[in-house]
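The lines below spell out each chain.
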Amino acid sequence: MGSDCLFCRIVAGEIPATVVRETDTTLAFRDIDPKAPVHVLVIPKEHYADVATLAQGDPALAADVLATSAAVAEDEGLLGDGFRLMFNIGAYGGQEVFHVHAHLLGGAPLGPMLARDLT
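Rules used in this analysis
- Residues numbered from 1 in each chain as written.
- Predicted model: local features only at pLDDT ≥ 70, side-chain atom pairs only at ≥ 80, totals over all residues.
- Heavy atoms only, no water.
- Helix = DSSP H or I, 4+ residues; strand = E, 2+ residues; numbered from the N terminus.
- Rg over C-alpha atoms; globule rule 2.2 N^0.38 Å.
- Buried < 20%, exposed > 50% of the residue type's maximum accessible area, 1.4 Å probe, protein only.
- Pairing = 2+ DSSP bridges.
- Axes fitted to C-alpha atoms, helices over the stretch in contact; angles between N-to-C directions.
- Contact = heavy atoms within 4.5 Å.
- Polar contact = N/O pair within 3.5 Å; in protein donor to acceptor, adjacent residues only side chain to side chain.
- Salt bridge = Lys/Arg side-chain N within 4 Å of Asp/Glu carboxyl O.
- Core = buried A, V, L, I, M, F, W, Y, C linked by side-chain atoms within 4.5 Å.

Draft legend 1. Broad picture of the overall build of the chain. A tally of regular secondary structure across the chain gives four helices and five strands. Listing every helix and strand of the chain by position from the N terminus yields α-β-β-β-α-α-β-α-β. Radius of gyration (C-alpha) of the chain: 14 Å, near the 14 Å computed for a compact globule of 119 residues. Projecting the C-alpha coordinates of the chain onto the three principal axes gives extents of approximately 35 × 35 × 25 Å. The buried share of the chain, taken over its 119 residues, is 34%.

And the structure:
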């Protein structure tokens, strides 16, 4: 991906981030605008636009993202009370950065899945 991808630049070390876990294939770092007491983004180091593209293009790397997410949840003490793992895809899904990323949220009750009724 070109130098215009925010998360690719974080992976490259060009933009600082508070990293909580790194593997050969993934990077997990704290969200700069957290929506819960724990809000960590888990990304593959390789660029894929969204989780659907990742799952189709490299299922093993998709599994790495999930494994890293589970490890971070354990590290953050979220396994007992639970947590939310969320992928936003496309404009309707609320995706803002087009490099696949899982939002790992927890540390308090998170409430309903959607903030408003869309029906």
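Draft legend 2. Region of the structure containing the sheet that holds strand β4 (residues 83-87). Taking strand neighbours across the sheet as the criterion, the five strands line up as β1-β2-β3-β5-β4 in an open arrangement whose pairing is antiparallel. Every interior strand has two partners, whereas the edge strands, β1 (19-22) and β4, have only one. If you compare each strand with its neighbour and ignore which way they point, the axes differ by 20° on average. By the bridge criterion, five bridges tie β4 to strand β5 (residues 102-106) in an arrangement that is antiparallel. Across the sheet, residue Met 86 finds its bridge partner in β5, namely His 103.

Draft legend 3. Main features of the environment of Leu 78. Structurally, the position occupied by Leu 78 is in the loop between α3 (59-75) and β4. Each C-alpha atom, one on Leu 78 and one on His 47, is 28 Å from the other, the two residues being 31 residues apart in sequence. Not counting residues up to four positions away in its chain, the partners in contact with Leu 78 are Val 38, Ala 73, Phe 83, Leu 104, Gly 106 and Gly 107.

Draft legend 4. A look at the side chain of Thr 26. You can see Thr 26 is positioned in strand β2 (residues 26-30). A polar atom in the side chain of Thr 26 sits 2.7 Å from the side chain of Thr 23. A distance of 2.7 Å separates polar atoms of two side chains, one belonging to Thr 26 and the other to Thr 68.

Draft legend 5. The pattern of salt bridges, seen in detail. Within the structure shown, the criterion is met by five salt bridges. Its salt-bridge partner being Arg 30, residue Glu 76 comes within 2.8 Å of it at the nearest N-O pair. Linking Glu 76 in the loop between α3 and β4 with Arg 30 in strand β2, this pair joins segments that are 46 residues apart in sequence.

Draft legend 6. Expanded view of the nonpolar core. If you look at the biggest cluster of nonpolar residues, it comprises 16 residues, and the most contacted ones within it are Val 40, Val 42, Leu 54 and Leu 104. Breaking this core down by element, the ones donating at least two residues are β3 (38-44), α2 (51-57), α3 and β5. Here this core takes five residues from α3, the largest share from any one element. With near-sequence residues (within four places) excluded, Val 42 lies in contact with Leu 27, Ala 28, Val 65, Thr 68, Ser 69, Val 100, His 101 and Ala 102. One finds Phe 7, Cys 8, Ile 10 and Phe 29 within the second-largest nonpolar core, a separate group that totals eight residues.

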